Each structure stands twice: as structure tokens, then as C-alpha cells.
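# A closer look at the structure
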Amino acid sequence: MNPTLDPNPLAPYLPLAIALLLAGVLSLIIVKLAAALGPKRPSSIKSAPFEAGSESSGPARQRFAVKFYVVALLFIVFDVEAVFLYPWAVNFQALGWFGYVEMLVFAATLVVGLIYIWKKGALEWEH
Amino acid sequence: MNLPNLTSADFLPLLPAIILVVGACILLLSEVFLSAHSSRGYQAVLSTATSVIAGAVSLTLLTEPARAVFLGFGAMDPFSSFLTFTVCVSLALASLTAAGFLRKRGAERGEFYALMLFAGAGMSLLGLSNELITLFVNVEVLSIATYALTSYLRRGTRPSEAGFKYFILGAFSSAVLLYGSALLYGATGTTLLSDMSGPLRAAMANNNGALVYAGAVLVAAGFSFKVAAVPFHMWTPDVYEGAPTPVTALMSAGVKAAAFVALVRVFISVGSGIDAQLPFAIFSTLALLTMVAGNLLAIPQRNVKRMLAYSSIAHAGYLLLGVAALFVSAPGQEFKLLGPTALIGASPEDVARVDALRGILYYLLAYTFTAVGAFGVVSLLERREDEEKGTAWDLERFSGLAQRRPGWAFAMAAFMLSLAGIPPTIGFIGKLILFRAAVDAGLVGLTIIAVLSSAAGAYYYLRVVVYMYMRPVPEGAHTLERSWMTELALVVSTVAVVLLGILPGPLTEWIAQAGTLFTR
Amino acid sequence: MDLKQFLLQLRLDPSALWLIIALPLLGAFLCGVFGRMLGRANVYLVACAAVAGSFLLSLSAFLSVSPLEAAQAVTMENAFSSGTIRYAFGYDFGTWFSAGTFRVNFGLMVDHLSGTLLLVITGVGFLIHLYSTSYMSHDDGYWRYFAYLNLFVAAMLTLVLADNLVLLFVGWEGVGMASYLLIGFWYSDTAKAWAGRKAFVTNRIGDFAFLIATFLIVLLVSAFNTQATAANFSMVGGNPEAAQVRYREGLQMKGPVAFQGLETMANALHVTPEKAQGGVNLQTPISEGPLEGRTFGGVLTVALLLFLLGAAGKSAQFPLYVWLPDAMAGPTPVSALIHAATMVTAGVYLFSRMSYLLVLSPTAMVTVAIIGTITSLLAALIAFAQDDIKKVLAYSTVSQLGIMFMGVGMGIFWAAVLHLVTHAFFKACLFLGAGSVMHGNADETDIKKLGGVRHEMKQTWFTFLVATLAITGIVPLSGFFSKDAIYHGIHHNHLHGYEWASSVIYYMGLLIAASTAFYMSRVYLLTFEGKRSPEAKIPHAHESDWRMTTPLWVLAILSVVALFQALPLMPGRGGVMQPVMENFLGPVFSSAERIAARGGEVKLDHSVPSIIDYLKAWLVALAGGAAAGFMYLKFFPSRAGQPAPAFARSVRRFTQNKFYVDEAYEFLVIRPVKNVSAILYKLVDTLLIDTVAVRGTAWVTARLGSALRYVQTGDAQAYAAVMALALLGGAVYALILVMK
């Protein structure tokens, strides 16, 4: 196939750009609104930037707890699973048994991973 | 809605990878139900058995006709089946080596083998990938597993350093590869490799050449990192030395083989759409630098593991010579499906190209047997206590080995001769086929440099043999622990190296089939 | 069931041919690796059983190709032409190795020529294994000995069974290595170790020539393949175009060095441009490649002459024969097997195998014949005055091999092969007899210090006598017929441009025959007749045991009955009766006959010797024997105590010193080479190569390597920077490419 050269190749992405803009404006409004409306009782710890539970300032060569990252990674894995499940659910009828089996295999693979992390103790916070 | 019509024929080429993944899952699941003191001897056996089964399956796939699968996202051809076989050989031998290695350190865990098998599945799928995104995903599958394997022994500083370096630089190269793929997609509007030649020509005609060339250069750079071609080789010695020895073996054999196959596949497609001068210039330059620098850098090494790392760079150089031979001929000429019998009456250029393809495959398998075997001997000799001192892999360790363990010494001598390309070993036949193909393609000058640099290589290979056979046993040498599994790997590799060196016939027949590559 | 039916059932399946080689190889492996564990008796058993098994298989293979009934003759497919090959079978085990279009298959083939040699190798080989179990009964290295001996048999069988030049060369090298190991078997004795080395080095010279010749043949075949036209293939049979296609397919399948392909090429090559009709002939220049401009005939002749040098090394021909007499340092059964019966005949086999190429070049043929004549005469004269019984037999072997080369060179192939067979029998018998004499006389080898042995060693004496009569050519023993067949052929065959050779070589041959009779009678008389020498080591000899005498009897009987092969019993062309062996080997040499008849360069005669011819030859042999009898029974004994006459002394001094050939080598070759090499060593080696090239290169490489090492800092950021720089370089190159 020959690429049809669109005079403006970015045109299809316009809605996306608008959505991005909206999201940015909205989040800005929410943050500013919360800051304006909420009570303020600042302390040194509270006013430090939040960085996944680790010290935000100090020497670079310090140790930090790895459990935050583990949880975040595991969350992403199952989050992505949900992302994949969604289009399948939408097209469930059309995909039929083939899609069903495919999805079972996909889920089973993740179950193997779940059993593994569970038994490994990666889900326990106090370890 | 338009649904893809997938049949079991589409899944057939995935079979070896599926077997590997299932084996890995069993290893993972069984591991977590074991206590710290349970016996884990079965894990290496299971891992080896899985690899052997997958390898056997890939051999039966060798006779399948070349075709596109999964709507052209994958290419099922003897070329990729042979790669899977090579990968499975390296997996099986590395698993056996790991059995002795891990037991000696009390570090046997199912995860180790599972990661190896996952990496193997990635390599097998990488060989099949005929589409840029699939290709990238599989590169990552195998890379992430090997990053983790590299720092598997995380207690020492070396493994963490090696793992970290590999990860950072690997991420860099992955980004480069992805960027290159994106540019190619941008120029052609397709990610399917077999559809690319037409749009590529159109892009060249429409003055989009810069995009295409930049994409090709970036993709080549990304692969050059994986195959450790100079100047993208800098990570190799540090990582190879720091990684557990069986992992080093797997990296030097399996990962490299998969990366070479993918590289050949990408550039045959890309090369058919653009002036072959670019890939030829890239790969001949890389080949030249890699052969010469790899051999030169290996000469001053007294650390055998590091020496083998440089040697692996040098061998990548010889393979790149074969790759360069693919792109000598007239620009824009497309590759044909050339089976063993179709060669009668084919043009000399076609014959030379198919020979180069076969030469690359033969060399990859030859190098797999030899390198994994050599790393196996290294893993038998090393001790954890010496690692931090840096003496675990000193040449001195090999002194008088012939008197202490004649079997190991003989095996190592066979591997060294094979790496140096001295008959009657498989390495000699591999070099013969590869260099001959390069000469037939007209690369006489480069081949002369290849022969000269491999002659220089004989120096550091034979030095190991001299130490083993002509030096006395050093005083106070510690006892050498045996491991029947690792020794089995040595026996298999030695038999293969010598037997296929004397009777290369059956293998060349297979390879004659495997030189068939799917193109459209 | 009658015998014929039974024999037909014994036919060997072609796919089992590899077993013939594998059995002795397995034996060598078992004896060599587990020999010490197995113990003496088991090693004997393994080694002998391996060769015996190989013999039975060879017998079966031989019977399979033998024409029991013409209708049931086996045929095999010819990969290079549409016809089939009758009276032969083979099996191709597939590609052995291939690189590009070059390909060598692991193919084995049995025809009447290799079948005959199979029987000789395994048959005589088995007898000598049996003999060795007694001969080596006091040696601690027995397991090593039998491992080497089995290895030799395996290599020799590979040489004979190979269906291509490269596989043949593997056997060729293999027998050379086994021979080296066995000559230097008692390696703790420096002289013996040196003898082994001399054999090895001399052989290497020949092997190198062999290799170059093989390369030339490969180039020749590829040039023929590109230049040949359909006109060439009109002589191969069938439709010329189809024949050419078939030939191409054959090359594709079996590679350029297969004998079938060489035979087809020889058949398709025209001799002269007149008949060629534009096809390739011997005067056609090669159009491309490294041989560009040279003619096919010229290259072929050079290749054949190089093969001759190779054969001269292996078969101890002038000027490379010097290693064979020294090779007697090895155990005597080894001399019998390797240095008399089998290995040294490899050259004769090689030329017989490639007879179709040889007849294309009269120049090469006459050179082979002349080299054979010189060798034979020289060796026979040297043998006159040797006192060591094994040395005499060694020179006699050289001389007999020379006769075979004369035969091959003059185109009388079948007789040369026949002489090869009969010589294997009687010379092995002589060597084993000599070994038996040594065994019974405290290892005495000086014939002057023996004498009168016949009374104490009756069996050895009788068999030695039979073999002596056979080699001297006394009617009706086999040696007479085989030698006479060669001489007759030499006299009646003619090489174009070298017509003088026929009679010159023939009369030289008669002289050689007389000399042979003289020195063999001398050895026999001095050893077995007369009185026991007062200088003998022990007063009484003792007869050897059955394991040593049985082979002697078998070989003695064989040297008598082999005569039937030379009798004109088979119907030949034109109703003339033809010798059995000529008839039997007919299919093997049919291409050579056809090419000779077509080209007219070589005239091959098929007449049978007349009674007068026989009488002449017999008289010559009798005269030689009688002269020896007179001198050693009458003349010297009657003059006991007196000095020998002056003429006898001077002749003796000259011949005893082997015509100073070793000294001539020393003076003409070794010393100049040494001096030149000393200068070269100082100049080239020490200065140029050692200092500049080797150490210099090593220094530069090592420095370069060390310098490059500094780039390897271990810093990941630096690594990434290098990669980025390289990328930049690539980008710049791509940019330049785009700009163009």
C-alpha cells in the first residue's frame, strides 16, 4: 500500500490535544480550588514534596524501601490487565469462543504471576 | 467487524516458545511451595528437559514451508525454526551448567531457570517477528529477563554493577531501536516488514530518504548493541564478567543468535527497498571494527572469562562479515525464496547470498556449542571466594588442568581449537563456510582481514591450552568439585564440536534447508 | 541348496559398507583406550576379531560384485551419466562437507578393483594380526601395537573404498600416520624414532604434491563444466544434451572430486581438436580462473605428475624411496603388512583407479614407467650386498613396486594389480618368514651370521623357499605369471611419442628379473642352506609356534594358487582366451581401454604371451638364481678364509652403501638446504620474522590491545557516550548518502 500523504498529518490528533488541554486545565483548577478552600496547617514534613515515601532531600546514596515500587509495579500489571479486558468485553459477542479462550489463557498467565507474588510475600506490607 | 481468521497453522511456530513458557511457569509455581531446605535438583532437569523438547519440536518445524503467520506479524520459515533450535541448544546446555554452578553457591532457585526459559521464549519469538512492534516487544522480553539474570547473585558488588550497567545501556539501545522503528513507520506508514519495500521506494522517491536512512541507522545501532558489535560493545566485558557464568554463556550464544536473526530479517526487508549501499556500508564497517578490536582486546587478557567476552565480540565480527556479504549485490534487488534445489541455475549473486545466510546459521550453532561449553569449564573451575579478589578466572587456574582433570582439559582444548577455527572442529567448518561465502560475494579484502585477525586470535586461545597441558599444577591448588550435570553439558558440547567438525555433512544438509527465508 | 545360490544370498547390502571400516576402527578404539584394562588375551581377541569380521564383510562385498551369473551381476546408478555401472555397488552416505558449490560426499564404492584389494587387506591383515599375537607376546606395549594395527587397517580400507579423491586422501593420510606410529613403535630407541620421523617427513612431501594435484583436478573439473559443449558428451552415451545435464546434476550432487565424475569427464574429453567438433579437447585453453590460458591436457599432465610424486612418497619410488629401508625399524609383522603387502601399493591403486585420466597423457605415463624402472633397478642392485635380512626384503619390495609402476606406466593395469596381489602374498610370506627366523634365532638379522636354519625350522624353511621361488619367477608359481604379464604388456603396448620406451623398459625389466633372482637366492642360500655360522648368537634355532607358522603356510599356498588368475581361461574379445584377472578387472579399466582406442595416443595390446616369451623369462630367472647358487654355494665357500676378489669387493662396497644415495642426499640436498636454511634462519627467521614480524607484530598488537583497554573505563556514562558518538558517525554517513 502507498502512504497517502495527508496535507496535515496531525489533524486526526486534534481531539486528543483538546482532551489533554482540558485535563490539564481541570487538574489545575482542582488543585488551586483545594488550596483556596481547605484549611492550612503547614509543618516541615507536610510541605516537603511527596516522593513515594522516600526522603526527598539528603545525600544521594541512601537506602530506600523497595516495597513502594513493588506495589506500584504490581498495580500496573493488573491495571494493564483491566485495560486489555475492556476492549474484549466490548467485542465479546463478535470474538466468540476464540476470544474467550484467548482471554482465559491471558488471565491464567496473570494468575500464575499472582500466585507467585502472593506466595513470595510481595503483597505483605510488614515483612 | 472484520475479524482475523487465525488457524492452528498460525500457532504452530509458537509451539517451542509456548513449551518454554509453560516450563517456566511450572518452575515458578513449584518454587514458591518449597521450603528453604527442600531439594531443588529437579529444577535443572526440568529446565533442560523443557529446552530439549522445545528444541525437538523446532527441528520438526524445519520442514514446514515458509509462510506468513498472524496476518504477517510473524514469519514462519526454516530460518526461524533453526534459530529456535540453536536457542534451545544453548538453553539446555546453560541449564546443565547452571545446575553445578548454583549448587556450589547454594543459590538454586526456580526463578533462575524460569527467567532463562522466559528469555529463551523471547529469543524464539524474536526470530519469528516480522513486524516492528512485535520485534520490539520480543527484544524487551528477552532483555528484561537477561537483566534480571545478570544480577541474580545480588550479594556481590560485581553482579549488581553488571546488571545495572546492562540495564541502563540496554534501555538506551532499546530506545534507539524504538526510535529507529518509529522513523521507519513514519516514512512508510506500515510496521509490517514484508510490506515495507514498496513504501520504502516510494519514500525514497518522495524525498523522504533522510527519514528512512536515519531509521535504518538507528535500528542497526539498536541491534549492534545486542550483538555486541564495536563500538556498541563496551558493556560486554563488564557484564559478561559480572554475570553468573551460565548466564554469560546464554547471553553470548542464545541472545546473540536471536539478535542476528532478527537483524538479518529486518535488513533484508529494509535493504530490498533502499539502496543496498547503506546496509553494506554499516555492516562492513561494523564487521571490520568488531573483528579487529575484539581480537586485539582479547590478547592482553589474563582473565579467561573476560577473554571469552572479547572473543565473543570477535566472533560477532565474523558473523557481521556474513551479514555484510548479504548486501554486496546490486541495489534494490529483492531476495527470493531459494530452497536447496532451486539453486541450480540461480545467478552467482543469489548463490553467494544464500551461502552467506547458511554460513551465518552454521556459525551461530557452532559458536553456541563451543562458547557454552567453554563457559561451562570456566564455571567448574571458579570459586565464589576468589570472585571479589578477581582471581577466580585467572589463567593460572588452568595450570596443569590436564593432570588434574584430563576430561575437562580435553574438552576445553577442543573448545579453544574450535574458537580459533582449527580443524577438526566445528569452528573450523563454520569459518570455512562463512568465509567462503564472503569471498564468493566478493568481500576478498574483508575476508583476508578476518582470517588474519582470527590467526591473531589463535594466540590467546592456544595460551589456555598451553597452560592446561604444559604448566605444572600450582602448589596449594584447591580441590576441583565435580558436577555430573555440568560435565554432561561438557560431554555433549565436546562430542558436537569434534563430531560435527569431522562429519559436518548431516548438519550442512539441514542448514541447506534452513537457509530459506520468508520474504514477499 | 547349491553353493551358487548360497553365495548369492550372502550379498552385502550397500548401506552396510561402512561396517567394513567401522569394525577395525572400533577395535582400535577399544584396544587403544581400554587396552590395559582388557588384558592381553582380550586385546588379541578384539583386534583379531575386528579384522576377521571385516574380512567376512569384505568377502561378502566381493562376492556381491563378482559375476556368479552374468544375468545377476549387480549394477549401480551412475550419478554423472545416464548409464549404469555394472559389477559395482556403492552407497552414498550424504554430504561430508560442503562450502559454496564445492562438495564432498562420504561415499563408499566396491568394484572389482577395490573388491580385490579389500580381500588382500583384510585377509593378509588378519593373518598378520594372528601372527602378531605370538610375535608380540613378550612386549608390554601390545595394546598400543594392536590399536595402531587396527587403525591402519581401517585407514587402508577407507583408502580403497573411497569413491572420491578427498576421502581417499583421508585414508592416504591415515595409513601414513599409522605407519609412522608403528615404525617408531619402540620410540625409546632414538634410531627407531628417527626412522619413523624420516618416513613421516618423506611422506609429507608426497602428500603435499597429492593435495596440490587434487586442487588442480578440482579447477580442471570446474573449467570443464563451464567450457564443455554437448559435442563432448556424444561419447558418454545417450542423448548428448541430456548427458550434459546429467553430468551437471552429478557435480551438484557429488561434487567435483568423485571418481565417477572424473571418469565421465575423461570419457567426454576429446584428445585432438580434429574430432572435437568445437567441444573441449586436450589442446583447448582454459578460459577463466587461476589456470587461465593453460590447456586441459597440460594441466592434466601436471596434476598426474604431482600425483606421481605423491605416489612416490607413499609407494617408495625414486627419489622418495629412502624411508622404506629405514622403516624396517618397526616390528616385522608391521613390515609385512604395511611396508610390503598393503600401504606401499597405494600408489599403484591410485593410478589404477584413475587409469582413465592416465591414458590421456602419454607423457605422464612414460614418466611413471621410467621412475618405476629406475627405482626397480636401483633397489635390486642395492639389495645385492645387504646383509640384514629385512633390509634385503625392503629393497626387494621397493624393486617390486617399481615393476608395478612400470606396468601402470605402460598401461598394463590389470597385470600391475595382479602383481600387487601376488606380491602381497609372497612378500608377506617372506617377511613373516624372516620374522620367524629372527624369533627363533635371538633376533639375529645378519644373514652372514645365520645359515643352515632349514634343519631346525622346517616349516619356516619350506614356506620361505616357496615364496622365494615365487618372487624369483620360477614356473609355475604366481610371481612368474604376474611379472611376466607386466613384461609382456610393456613390450607390446606403445605410447605415442615414446615408442622407444617399450623395448628399453622391457630389456631393463629382464635385467631386473635376473637381479631379483640373484639377490633372493642369495638371501635364501645364506640363511637356510649350508652350515650354521660360527658367529650365530645361539647354537640352535627353534621353530615358532602355530600362530606364526599358520599364516606362513596360508600365504605360501596362496602364492602358489594365485597363479590361476594369470592363466588364459576366460573367453575374451574375438574369441581369444584371456587371463582370468584381465577378464575380472575388465569392467574397471574399460573406460581407459575405450579412451586409448579412441585417441590413438596409447596402444594397448591384448595378446597372450607365447611359450617362447615364457621360456625367455624363465631362463633369465634361472640364470640369476644359478649365478647366486654358484657364488654362494661353490665359489665363496671354496675360498673360505681368502679375501674376496677385487672386483667383487668394489662392487660390494658400492652397492652395500646403497649407491651412496643417502650420502648423495646428504651432500646434494640436506647439506645445502641446511646451509641455506641456516643463513635464511639468521636473516629471515631471526631478524625478519622473529624480531620484526613476530615479536614486532606481537608487540604492536599487545600495545594496541593495552591502549584500547584504557577506553574500557568501566564507566557506564562513558560507554553510552561512545555509543552516541558512533550513532552520530552513522547519521553523518547516512546524511552524506542522502545528499548524493
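If you're wondering where the values come from, they're calculated on a predicted model, not measured in any experiment.

## Some thoughts on the overall build of chain B
A tally of regular secondary structure across chain B gives 21 helices and two strands. Expressed as a percentage of its 520 residues, the buried residues of chain B come to 62%. Excluding contacts between residues fewer than 6 apart, the proportion of contacts in chain B whose partners are at least 24 apart in sequence is 83%.

## Digging into the overall build of chain C
Looking only at helices and strands, one finds 27 helices and eight strands in chain C. Put simply, chain C has 740 residues, and 52% of those count as buried. Taking the intrachain contacts of chain C between residues at least 6 apart in sequence as the baseline, contacts between residues at least 24 apart amount to 78%.

## Topic: helix H20 (residues 484-502) of chain B
For H20 of chain B, built from 19 residues, the straight-helix expectation of 27 Å at 1.5 Å per residue is met to within 8% by its first-to-last C-alpha distance of 26 Å. Along H20 of chain B, the residues classified as buried are Met 485, Thr 486, Glu 487, Ala 489, Leu 490, Ser 493, Thr 494, Ala 496, Val 497, Leu 500 and Gly 501 of chain B.

## Digging into the interface of chain C and chain B
Taken together, the 31 residues of chain C in the interface contact 41 residues of chain B. Those elements that provide at least two residues to the side of chain C that touches chain B are strand S3 (89-99), helix H26 (661-709) and helix H27 (716-739) of chain C. Broken down by element, the residue count for the side of chain C that touches chain B peaks at 13 residues, all from H27 of chain C. Broken down by class, the residue content of the side of chain C that touches chain B amounts to 19 nonpolar, 11 polar and one charged.

## Focus: unusual backbone geometry
Residue and element names in this part refer to chain B. Note the cis peptide between Val 230 and Pro 231, where omega equals 5°. Mapped onto the fold, Pro 231 is located in the loop between helix H9 (209-227) and helix H10 (235-242). The step from Pro 423 to Pro 424 runs through a cis peptide bond, and the omega angle for that step is 0°. Among the secondary structure elements, Pro 424 is positioned in the loop between helix H17 (406-420) and helix H18 (426-440).

## Topic: the packing of H18 of chain B against helix H19 (residues 444-470) of chain B
All names here are of chain B. Running from N to C, H18 and H19 cross one another at 155°; their axes reach a closest spacing of 8 Å. In this view, H18 runs roughly antiparallel relative to H19, as classed from their interaxial angle. Seen along the crossing, H18 lies across H19 with a hand that is left-handed. Where H18 abuts H19, its residues Lys 431, Phe 435, Ala 438 and Val 439 lie against Val 444, Leu 446, Thr 447, Ala 450, Val 451 and Ser 454. Taken together, the residues that form the contact of H18 with H19 break down as seven nonpolar, two polar and one charged.

## Focus on the environment of Met 406 of chain C
Residues and elements named next belong to chain C. Mapped onto the elements, Met 406 comes out in helix H17 (residues 389-409). Remark: the alpha-carbon pair of Met 406 and Gly 489, spanning 83 residues in sequence, is separated by 10.0 Å. Non-local contacts of Met 406, meaning those with residues more than four positions away in its chain, are made with Ala 369, Gly 372, Thr 373, Ser 376, Ile 486, Ile 490, Ile 505 and Gly 509.

## Remarks on the nonpolar core
Nonpolar side chains in soluble globular proteins tend to end up buried together. Counting 449 residues, the largest nonpolar core has Ala 258, Leu 321, Ala 324 and Met 412 of chain B together with Phe 152 and Ala 428 of chain C as its most contacted members. With 21 residues, the top contributor of residues to this core is helix H14 (residues 348-381) of chain B. In this structure, Phe 152 of chain C is in contact with Val 175, Ala 178, Ser 179, Leu 182 and Ile 338 of chain C, ignoring residues within four places of it in sequence.

## Observations regarding the pairing of S3 of chain C
All names here are of chain C. Counting buried positions over the 11 residues of S3 gives eight, a clear majority of the element. Bridging between S3 and strand S4 (residues 102-110) involves eight bridges; their strand directions are antiparallel. Considered in S4, the bridge of Thr 95 is made with Asn 105.

## Focus: the environment of Arg 86 of chain C
Residues and elements named next belong to chain C. Mapped onto the fold, Arg 86 is located in strand S2 (residues 84-86). In this structure, the C-alpha to C-alpha distance between Arg 86 and Val 65, residues 21 residues apart in sequence, is 8.6 Å. Leaving out residues up to four positions away in the same chain, Arg 86 has contacts with Ala 73, Thr 75 and Pro 587.

## Some details on the confidence of the model for chain C
Residue and element names in this part refer to chain C. The share of residues in chain C with pLDDT of 70 or more is 88%, and the mean pLDDT across the chain is 81. By mean pLDDT, helix H25 (residues 646-656) is the weakest element of chain C at 61, and helix H14 (residues 346-353) is the strongest at 93. Reported for the predicted complex are a pTM of 0.69 and an ipTM of 0.82.

## Some thoughts on the confidence of the model for chain B
Confidence in the prediction for chain B averages 88 pLDDT; 94% of positions are at 70 or higher. Contacts of residues 335-344 of chain B to residues separated by more than four positions or lying in other chains number 19 contacts, the stretch itself having pLDDT below 50.

## Notes on the environment of Tyr 135 of chain C
Residues and elements named next belong to chain C. Here Tyr 135 shows up in helix H4 (residues 112-135). Between the alpha carbons of Tyr 135 and Pro 331 there is a distance of 8.7 Å; along the sequence they are 196 residues apart. When near neighbours in sequence (up to four residues on either side) are disregarded, Tyr 135 contacts Pro 331, Thr 332, Pro 333, Gly 435, His 439 and Met 548.

Conventions used here
- Residues numbered from 1 in each chain as written.
- Chains lettered and ligands numbered in written order.
- Predicted model: local features only at pLDDT ≥ 70, side-chain atom pairs only at ≥ 80, totals over all residues.
- Helix = DSSP H or I, 4+ residues; strand = E, 2+ residues; numbered from the N terminus.
- Buried ≥ 20, exposed ≤ 12 C-beta atoms within 10 Å, placed from the backbone.
- Contact = placed C-beta atoms within 7 Å.
- Expected span 1.5 Å × (residues − 1).
- Nonpolar A, V, L, I, M, F, W, Y, C, P; charged D, E, K, R; others polar.
- Axes fitted to C-alpha atoms, helices over the stretch in contact; angles between N-to-C directions.
- Parallel < 35°, antiparallel > 145°, perpendicular 65-115°, else oblique.
- Left-handed = near helix turned anticlockwise from the far one by under 90°.
- Core = buried A, V, L, I, M, F, W, Y, C linked by C-beta atoms within 7 Å.
- Pairing = 2+ DSSP bridges.
- pLDDT = per-residue confidence, 0-100.

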